[in-house]
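Chain residues, written in single-letter form:
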Amino acid sequence: MKYEGDIQYSYQIKQSTFCKYVLIAPNKAVELNFPQMLELRRKINGLTTYNALSEILNSHNFVLLFVADRQHLIYLDIPQLLKLKEEIASFFQDFNTVSA
């Protein structure tokens, strides 16, 4: 059983223009600027610590998260949350740096 393939609704991040990004959710696309991307990464990293995941598992097994300066609300279950963390980490890892 391949669990990663079972995630039907995954979130993706794509760059639209310079310092403008799009978070593609299952039912909408959310436009983000760079500070909003950094804030999203901070929130996701905070929600995926061991203690935070344990608390989520012991309560409702999902998270409601405000993004883009509280303009959008997204629903994330545990597999989606972990997949989004991987997506954000790979996005910032592949981010092109400006060489001096």
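Before any of the text, the structure's been laid out above.
Structure report, in brief. (Residues numbered from 1 in each chain as written. Predicted model: local features only at pLDDT ≥ 70, side-chain atom pairs only at ≥ 80, totals over all residues. Heavy atoms only, no water.)

Notes on the overall build of the protein
In step 1: The helix and strand tally for the protein stands at three helices and five strands.
In step 2: Put simply, the protein runs from its N terminus to its C terminus through helices and strands in the order β-β-β-α-α-β-β-α.
In step 3: Sorting the 100 residues of the protein into buried and exposed places 32% on the buried side.
In step 4: Contacts in the protein between residues at least 24 apart in sequence constitute 45% of all its contacts with a sequence separation of at least 6. (Helix = DSSP H or I, 4+ residues; strand = E, 2+ residues; numbered from the N terminus. Buried < 20%, exposed > 50% of the residue type's maximum accessible area, 1.4 Å probe, protein only. Contact = heavy atoms within 4.5 Å.)

Overview of the pattern of salt bridges
In step 1: A complete count under the given rule lists one salt bridge for this structure.
In step 2: The shortest N-O distance in the salt bridge between Glu39 and Arg42 comes to 2.5 Å. Taken together, the residues span about one helical turn, with Glu39 and Arg42 both in helix H1 (residues 34-47) at a distance of three residues.
In step 3: The exposed category is assigned to Arg42, whose relative accessible area is 53%. (Salt bridge = Lys/Arg side-chain N within 4 Å of Asp/Glu carboxyl O.)

Re the packing of helix H2 (residues 50-58) against helix H3 (residues 78-93)
In step 1: Where H2 contacts H3, the two axes come as close as 11 Å, and the packing angle between them is 155°. Classed by the angle they form, the pair H2 and H3 counts as roughly antiparallel. Mapping the contact onto sequence places Leu53, Ile56 and Leu57 in H2 and Ile78, Leu81 and Leu82 in H3.
In step 2: Split by residue class, the contact of H2 with H3 holds six nonpolar, no polar and no charged. (Axes fitted to C-alpha atoms, helices over the stretch in contact; angles between N-to-C directions. Parallel < 35°, antiparallel > 145°, perpendicular 65-115°, else oblique. Nonpolar A, V, L, I, M, F, W, Y, C, P; charged D, E, K, R; others polar.)

Some thoughts on the environment of Glu39
In step 1: Judged by its relative accessible area of 31%, Glu39 falls in the partly exposed class.
In step 2: Taking the C-alpha atoms as reference points, Glu39 and Asp69, 30 residues apart in sequence, are found 9.1 Å from one another.

A closer look at a nonpolar patch on the surface
In step 1: On the surface, a cluster of nonpolar side chains totalling about 450 Å² of accessible area is made up of Phe62, Leu64, Phe66, Leu73 and Tyr75.
In step 2: Of all the secondary structure elements, the ones that give two or more residues to the nonpolar patch are strand E4 (62-67) and strand E5 (72-77).
In step 3: When residues in the nonpolar patch are grouped by element, the largest group, three residues, is from E4.
In step 4: Looking at the element boundaries, Tyr75 is found in strand E5. (Patch = residues over 30% accessible without salt bridge, like charges linked within 9 Å, V, L, I, M, F, W, Y side chains within 5 Å. Areas by Shrake-Rupley, 256 points an atom, 1.4 Å probe, with all protein chains shown as cover.)

Quick look at unusual backbone geometry
In step 1: The phi torsion at Asn61 lies on the positive side, around 70°, for a residue other than glycine.
In step 2: Along the chain, Asn61 falls in the loop between H2 and E4.

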